[in-house]
Amino acid sequence: MTPSERPVQTGEERGGPLIITEDERLLDDLLRLCAAAGALPEVAHGLPARKGDWEAPPLVIVGADCAPRMRGAGRRAGVILTGQDADDPAVLRLAVALGAERVLALPDGERWLADRIADAVEGVGPPALTVGVIGGCGGAGASTLSGALAVTAARTGRRTLLVDGDPLGGGLDVLLGGEKEKGLRWPAFAESRGRVACGALAESLPRLHSFRVLSWDRGSDVTIPPAAMRAVMAAARRRGGVVVVDLPRRVDAAVTEALAQVDMGLLLVPTELRAVAAAQRVAAGVQKVLGDLRVVARGAPGRHGHGLPPDEIARLMELPLAGEVPWEAGLLADLSRGVPPGAQVRGPLARFCTAFWERMTESGADGGGPACATGTGPGSGPGRSARPGDGATGRGDALVASRAVGRGGGRG
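Definitions and cut-offs
- Residues numbered from 1 in each chain as written.
- Predicted model: local features only at pLDDT ≥ 70, side-chain atom pairs only at ≥ 80, totals over all residues.
- Heavy atoms only, no water.
- Core = buried A, V, L, I, M, F, W, Y, C linked by side-chain atoms within 4.5 Å.
- Buried < 20%, exposed > 50% of the residue type's maximum accessible area, 1.4 Å probe, protein only.
- Helix = DSSP H or I, 4+ residues; strand = E, 2+ residues; numbered from the N terminus.
- Contact = heavy atoms within 4.5 Å.
- Salt bridge = Lys/Arg side-chain N within 4 Å of Asp/Glu carboxyl O.
- Axes fitted to C-alpha atoms, helices over the stretch in contact; angles between N-to-C directions.
- Parallel < 35°, antiparallel > 145°, perpendicular 65-115°, else oblique.
- Left-handed = near helix turned anticlockwise from the far one by under 90°.
- Pairing = 2+ DSSP bridges.
- Expected span 1.5 Å × (residues − 1).
- Phe/Tyr/Trp six-rings, centres within 6.5 Å; stacked < 30°, edge-to-face > 60°.
- Lys NZ or Arg CZ within 6 Å of the ring centre and 35° of its normal.
- Arc of directions from axis to C-beta.
- Polar contact = N/O pair within 3.5 Å; in protein donor to acceptor, adjacent residues only side chain to side chain.

Draft legend 1. Layout of the nonpolar core. Judged by nonpolar contacts, the single largest core of 82 residues is most densely connected at L149, W186, L267, M317 and W357. Tallying contributions element by element places helix α5 (residues 142-155) first for this core, with 8 residues. Apart from residues no more than four positions distant in its own chain, L267 is found in contact with I134, G135, G136, A279, V282, A283, L293, R294, V295, V296, M317 and L319.

Structure (structure tokens):
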């Protein structure tokens with residue numbers, strides 16, 4: 001590739017990194033990494049004449065060959081120095097003089113640099129608050145709760161992405177009445193590896209009820225490779241706002257990858273003893289990966305308080321109680337008419353979801369930002385610290401059935 005053939009900025013485009021080098025081999029490598037990250041760079045051979053051309057790019061990559069010419073450059077964040085030997089004392093001195101955040105050599109540092117370029121172009125913000133919903137037993141209503149949480153989050157202005165992590169669940173797009181909406185489904189991402197651009201991911205998905213949905217098509221392929229789950233979930237989190245994931249009860253390799261990026265899990269348990277027994281087995285598998293798992297008690301029709309009390313369910317499960325969703329008469333009829341779960345703002349389901357997101361906002365756990373964010377996961381695992389606000393007490397009738405999100409029920 002000759003210099004005239006290289007895809008560089010014309011000066012009118014904005015947002016790409018600035019590359020400063022005369023080393024043709026290094027330049028080709030850097031341009032290849034920029035292309036992989038979806039970034040269009042500008043190339044210079046020394047310190048730009050205009051101060052703004054040095055300060056404006058989100059990232060500056062300086063080759064060691066041109067670093068000595070950078071004397072007089074003002075200090076700025078986001079400067080990377082590249083050379084053949086990252087441990088060369090002369091290169092390290094140049095890095096100190098430039099105020100570079102990192103010195104690296106290619107090809108060893110290629111993966112890190114590609115991610116750093118993509119982060120710079122996408123923008124930086126808080127990662128999405130990611131909530132996983134798991135049914136404690138068959139028919140518990142995890143998909144319905146997942147959809148209602150997404151509907152409510154979008155209604156309150158949060159940037160929202162709903163992920164269908166259960167390939168055998170029938171499809172969340174069907175639940176939401178959007179199976180005919182254009183956009184990509186899971187099979188299109190089956191070969192995803194490494195990094196997926198968060199903006200491109202969101203724009204490619206169907207938009208239903210003011211939020212994006214990643215669901216399944218009607219084909220026979222019902223597997224999510226673990227690498228694809230990891231890449232897609234990381235991109236979803238970088239987008240910011242909130243991500244709701246509908247997860248199956250069985251924890252396989254792909255579900256493990258999803259749980260590793262979940263901040264809080266909600267285990268939906270009907271208020272009956274048999275459901276508790278089933279949910280205990282589900283919880284045992286989930287807790288091997290997810291440290292913050294909470295119980296949501298789901299009322300049954302005709303119980304009117306004769307089922308197990310939610311506090312008792314939480315005690316038996318030895319998990320914190322996130323709240324109770326009483327039975328909602330007419331919910332099934334609404335769904336059959338294409339009314340999404342949580343659309344009835346005064347219904348028990350919507351009230352629970354509203355209270356949940358309010359609690360997350362008050363605790364500071366709701367990222368809510370419009371920008372993409374760095375990082376690919378919250379550092380999950382059984383030993384992970386609880387998020388801010390865990391264990392907070394409720395506010396009476398502002399929460400469904402006077403039970404606060406995060407109020408303890410047994411061990412927590």
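Draft legend 2. Layout of the environment of I80. Topologically, I80 is positioned in strand β4 (residues 79-82). On the basis of relative accessible area, I80 is assigned to the buried category, the value being 0%. The spacing of I80 and I19 is 61 residues in sequence and 9.6 Å in space, taken between C-alpha atoms. Look past the residues within four positions of I80 in its chain and what remains in contact with it is L59, V60, I61, V62, E101, R102, L104, W112 and L113.

Draft legend 3. Fine view of the pattern of salt bridges. In this structure the tally under the stated criterion is 14 salt bridges. Residues R237 and D263 are paired through a salt bridge, measuring 3.0 Å at the closest nitrogen-oxygen approach. Here the residue R237 occupies a position in helix α8 (residues 226-238), and D263 occupies one in the loop between α9 (253-259) and β11 (264-270), the gap between them amounting to 26 residues. R237 sits in the buried class, given a relative accessible area of 3%. The partner of D292 in a salt bridge is R294, and the shortest N-O contact between them spans 2.9 Å. Residue D292 is classed as buried on the basis of its relative accessible area, which comes to 8%. According to the relative accessible area criterion, R294 is buried, its value standing at 2%. What you see here is one network of salt bridges that share partners, running through D29, R32 and E110.

Draft legend 4. Representation of the packing of α5 against helix α13 (residues 348-363). Viewed as axis vectors pointing N to C, α5 and α13 meet at an angle of 60°, and their least axial separation amounts to 9 Å. In terms of orientation, α5 lies oblique with respect to α13. For α5 against α13, the interelement crossing comes out right-handed. Here T144, L145, A148, L149, T152, A153 and R155 of α5 lie close against α13, whose contacting residues are L349, A350, F352, C353, T354, F356 and W357.

Draft legend 5. Structural context of the environment of S146. With respect to the element layout, S146 can be found in helix α5. For S146, a relative accessible area of 0% gives the class buried. Residues S146 and L266, 120 residues apart in the sequence, show an inter-C-alpha distance of 9.6 Å.

Draft legend 6. Region of interest: the pairing of strand β6 (residues 129-135). β6 sits mainly inside the fold: 7 of its 7 residues count as buried. Residues of β6 alternate between two faces, with L129, V131, V133 and G135 on one and T130, G132 and I134 on the opposite face, all of them buried. In terms of strand pairing, β6 meets β11 through 5 bridges, oriented parallel. Bridging from a neighbouring strand, V131 pairs with M264 of β11.

Draft legend 7. Representation of helix α10 (residues 273-286) within the structure. Relative to the 20 Å expected for 14 residues at 1.5 Å per residue, α10 spans 20 Å between its end C-alpha atoms, a close match to the ideal helical length. Restricting attention to buried positions, one finds in α10 the residues A275, V276, A278, A279, V282, A283 and V286.

Draft legend 8. Summary view of the packing of aromatic side chains. One pass over the full model with this rule turns up 3 aromatic pairs. Taken together, a centroid distance of 6.2 Å and an interplanar angle of 35° make the contact between W186 and W216 tilted. Here W186, found in the loop between α6 (172-175) and α7 (198-204), pairs with W216, found in the loop between β9 (211-214) and α8; they are 30 residues apart in sequence, far enough to count as distant. Ring geometry for F356 versus W357: centroids 5.0 Å apart, planes at 75°, classification edge-to-face. Comparing F356 with W357, the two get one shared label, buried. Connected via pairs of aromatic rings, a cluster forms that spans F352, F356 and W357. When the ring centre of W112 is taken as origin, the NZ or CZ atom of R102, which lies over that ring, is 4.2 Å away.

Draft legend 9. Region of the structure containing the sheet that holds β4. Spatial ordering of the open sheet is given by β2-β1-β3-β4-β5, a layout of 5 strands whose pairing is parallel. Where the open sheet ends on each side, the last strands, each with one partner, are β2 (42-44) and β5 (102-104). Going across the sheet, the axis of each strand differs from the next one's by a mean of 20°, ignoring polarity. Examined bridge by bridge, strand β1 (residues 18-20) and β2 share 3 bridges and lie parallel to one another. What sits directly across from L18, in β2, is E42. In the packing of helix α1 (residues 24-36) onto the sheet, contacts are made with β1, β2, β3 (60-63) and β4, and the angle to β1 comes to roughly 165°. Running over the sheet, helix α4 (residues 110-122) touches β3, β4 and β5 and is turned about 135° from β5.

Draft legend 10. Spotlight on helix α3 (residues 89-98). Three or more residues of α3 are buried, namely V91, A95 and L98. One face of α3 carries all of its buried residues, which in axial projection span an arc of 65°. The exposed residues of α3 that point more than 90 degrees off its buried face are R93, V96 and A97. Tucked into the core, α3 has its buried residues touching β3, β4 and β5. N-cap assignment for α3: the residue whose side-chain oxygen lies 3.0 Å from the backbone N of A90 is D88. G99 occupies a position one or two residues after α3 and carries a positive phi of about 75°.

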